[in-house]
Amino acid sequence: MPYMPPFAPPTRYTHAADALAQVRSIYDSGLAHLRDAMQRFVAGGALPGRMRACYPFVRVHTHSSSRQTVAANAGLSYGFVAGPGRYETTLTRPDLFARYYAEQFRLLLENHQVELEVGTSSHPIPIHFSFVENDHIEGTMNAERRALMRDVFDLPDLHAMDDGIANGTHEVRQGEAQPLALFTAARVDYSLHRLRHYTGTAPEWFQNFVLFTNYQFYIDEFVRLGHEAMMDEHSEYIAFIEPGNVVTRRRGLAPEKAGFFSHLLDGSQGTPPPRLPQMPAYHLVREDHSGISMVNIGVGPANAKTITDHIAVLRPHAWMMLGHCAGLRPSQELGDYVLAHAYVREDHVLDEELPLWVPIPALSEIQLALEKAVADVTGLQGPALKTIMRTGTVASTDNRNWELLPNNTPQRRFSQSRAVALDMESATIAANGFRFRVPYGTLLCVSDKPLHGEIKLPGMANHFYRERVEQHLRIGMAAIDILRSEGASRLHSRKLRSFAEVAFQ
């Protein structure tokens, strides 16, 4: 028989704040129970049996397909269930997701005029997910003691955290509630731990707008701009975060004025890592989470899939790819921009989760923001703008040396698809955005033209990077400014929602 914290029976709520407070109470009680047991176990103490705590859940019952949508919610593509029935999801980290949960609860209450039910689920919290940031007490045990952990604690169960809901393959069993969110609590916790590992920064720092790049040059420029912003007492950003959770606060900012981030900024400066993580992340932080996170994903679709698999649980408002590509048309010049409006997916990393017959549509809100940002930053309009930017199909491949394949096979396919540019990451990022209902976009810069004899040489490449990186990055940041000013609700398009969609954004 498992030893558990005091049971919290399901209770009903008509106010989002009260429901969230109960979620927090159940979760905090469970974590305290597990951490206390783990400390005793590491110290060599005997435990009475299996120590267990379970995630809180939120549940809603509806009896009608209609909903009482208020005017302010009418344009949203989320916040309501698909029809009559019982819907629920497990929840984690109410400290991190407080704003997000409160908003989802509010929308359900307003749209359906029903009560929310909050209680303790039957899904255990794996002991690894109860550890706090920088808590590594497990590492002090010997191998024999670690092997005993599975006898007294619940360990992560991959069968409880697959992506069937997001992939549209989840089938509800007889008597089971329908899903309320794309991700279970365990799946969210798994990704939060992976994000620390891959990016070298805590999930708390991630912002609602994310830029991906495949070149360190862009990161170097982002770091420069981040520190520059911190010197400006009137900057819209309150902090700049680098790997190791190294914090640079805006000049003149008192930590207590930073809202959600106050406790993170109060005396915590982090420690630069001895070496950069696999996909380092940097964050220009706004108090309302609407700042910019930038991640150097390196080269290849595997990295692109990995990082977007995990950032998706944070439910960002948009992510965009800024990087370099091979220009495939003779008319293109080095330094020209390519705004992707379609993708050829030869990356293969998502073929099982998202079949190739699924189209990946361009999202007009992001397309327009990127095009306007190019015009604003370059000062070009109309026909002049078309001389440096082409809208077209981008092909992404998992073969870095595609040019060396015999019989011109790839070139023929790219020509048949009308592709104008080729890289290794953009289609993956867009496809995973589609899969996880995260608005996406791509703006690339032509750095070579291998089909036309223009390959990058060291000196030429360095000159090119210096010429274009700063402008390209400023365009991406300007596009985010445009999207932010228009309001996040416009971004979450119905094009990304399925027939019977979950209610949570």
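What you see is a predicted model; the values in this text were computed from it and never measured.

On to the sheet that holds strand S5 (residues 178–179), then. Taken together, 5 strands build an open sheet; the order of strands is S1-S4-S2-S3-S5 and the sheet is mixed. Lying at the two open borders of the sheet, with one neighbouring strand each, are strand S1 (11–13) and S5. Where strand S3 (residues 85–90) and S5 come together, 2 bridges link them in parallel fashion. The residue of S5 that forms the bridge with Glu88 is Pro179. On top of the sheet, helix H2 (residues 98–112) reaches S1, strand S2 (54–62) and strand S4 (116–124); it is set at about 130° to S4, its chief contact.

In this section: the packing of helix H6 (residues 185–199) against helix H9 (residues 301–311). Two elements in contact, H6 and H9, have axes whose closest approach is 8 Å; the angle formed by their N-to-C orientations is 130°. One way to sum up the angle between H6 and H9 is to call them oblique. The two elements H6 and H9 meet at a crossing, and its hand is left-handed. Where H6 approaches H9, its residues Arg187, Tyr190, Ser191, Arg194, Leu195, Tyr198 and Thr199 are matched on the opposing element by Thr306, Ile307, Asp309, His310 and Ile311. Considering only residue class, the contact of H6 with H9 consists of 5 nonpolar, 4 polar and 3 charged.

A word on the pairing of S3. Sheet topology places S2 next to S3; 6 bridges connect them, and they run antiparallel. Of the residues in S3, the one forming a bridge with Thr62 is Gly85.

Moving on, we get to the nonpolar core. Membership of the largest hydrophobic core comes to 86 residues, with the highest contact counts inside it found for Phe105, Phe212, Val295 and Phe504. With 6 residues, the top contributor of residues to this core is H2. Counting residues in hydrophobic clusters, the runner-up holds 41 residues, among them Ala229, Leu322, Ile366 and Leu473.

With that out of the way, let us pick up the packing of helix H1 (residues 16–42) against H2. Two numbers describe how H1 lies on H2: the axes approach to 9 Å, and their chain directions differ by 135°. When the axes of H1 and H2 are compared, the pair comes out oblique. For the pair H1 and H2, the sense of crossing is right-handed. Only Ala98, Tyr101, Ala102, Phe105, Arg106 and Leu109 of H2 make contact with H1, whose side of the interface consists of Ala16, Ala19, Leu20, Val23 and Arg24. Considered class by class, the residues forming the contact of H1 with H2 number 9 nonpolar, no polar and 2 charged.

Quick look at the pattern of salt bridges now. This model, assessed by the stated rule, comprises 30 salt bridges. In this structure, the salt-bridge partner of Glu117 is Arg12, at a minimum N-O distance of 3.7 Å. Within this pair, whereas Glu117 is found in strand S4, its partner Arg12 is found in strand S1, the two being separated by 105 residues in sequence. As a salt-bridge pair, Glu176 and Arg173 come within 3.5 Å of each other at their nearest N and O atoms.

Side chains on a regular strand alternate between the two faces of the sheet. Counting buried positions along S2 gives 8 out of 9 residues, so the element sits mostly inside the fold. As defined by bridge partners, S2 adjoins S4 across 6 bridges and the pair is classed as antiparallel. Directly across from Val58, in S4, lies its bridge partner Val118.

Turning next to unusual backbone geometry. In this structure, Arg418 is a non-glycine residue whose phi angle is positive, near 65°. Considering the arrangement of structural elements, one finds Arg418 in the loop between helix H12 (409–416) and strand S14 (419–423). The exposure class of Arg418 is exposed, given its relative accessible area of 56%. Even without being a glycine, Arg437 presents a positive backbone phi close to 60°. When you line up the elements, Arg437 lands in the loop between helix H13 (426–435) and strand S15 (440–448). A relative accessible area of 8% places Arg437 in the buried class.

In this description, a pair of aromatic rings is defined by centroid distance and the angle of the planes. Here the structure, examined in full by the defined rule, presents 11 aromatic pairs. An aromatic cluster is defined as three or more aromatic residues linked by ring pairs; in this entry it consists of Phe97, Tyr100, Tyr101, Phe105 and Phe504. Across the ring face of Phe41, the terminal group of Arg145 is positioned such that the distance to the ring centre comes to 4.0 Å.

Time to look at the side chain of Glu365. Within the secondary structure, Glu365 is located in helix H10 (residues 364–378). Notably, Glu365 is buried but unbridged: the nearest opposite-charge side chain belongs to Lys495, and the N-O separation is 4.6 Å.

The next subject is the environment of Gln104. Checked against the element boundaries, Gln104 lands in helix H2. Placed 88 residues apart in sequence, Gln104 and Ala16 show a C-alpha to C-alpha distance of 8.5 Å. Leave out the neighbours within four places in its chain, and Gln104 touches Tyr78, Ala503, Phe504 and Gln505.

Its 15 residues give H6 an end-to-end C-alpha distance of 21 Å, which sits within 8% of 21 Å, the value for a rise of 1.5 Å per residue. Burial within H6 is extensive, with 11 of its 15 residues counted as buried. Here H6 has its buried residues at Ala185, Ala186, Arg187, Val188, Asp189, Ser191, Leu192, Leu195, Arg196, Tyr198 and Thr199. Check the buried side of H6 and you find it contacts S2, S3, strand S9 (281–285) and H9.

The rules behind these values
Residues numbered from 1 in each chain as written. Predicted model: local features only at pLDDT ≥ 70, side-chain atom pairs only at ≥ 80, totals over all residues. Heavy atoms only, no water. Pairing = 2+ DSSP bridges. Helix = DSSP H or I, 4+ residues; strand = E, 2+ residues; numbered from the N terminus. Contact = heavy atoms within 4.5 Å. Axes fitted to C-alpha atoms, helices over the stretch in contact; angles between N-to-C directions. Parallel < 35°, antiparallel > 145°, perpendicular 65-115°, else oblique. Left-handed = near helix turned anticlockwise from the far one by under 90°. Nonpolar A, V, L, I, M, F, W, Y, C, P; charged D, E, K, R; others polar. Core = buried A, V, L, I, M, F, W, Y, C linked by side-chain atoms within 4.5 Å. Buried < 20%, exposed > 50% of the residue type's maximum accessible area, 1.4 Å probe, protein only. Salt bridge = Lys/Arg side-chain N within 4 Å of Asp/Glu carboxyl O. Phe/Tyr/Trp six-rings, centres within 6.5 Å; stacked < 30°, edge-to-face > 60°. Lys NZ or Arg CZ within 6 Å of the ring centre and 35° of its normal. Lys, Arg positive; Asp, Glu negative; His and termini not counted. Expected span 1.5 Å × (residues − 1).

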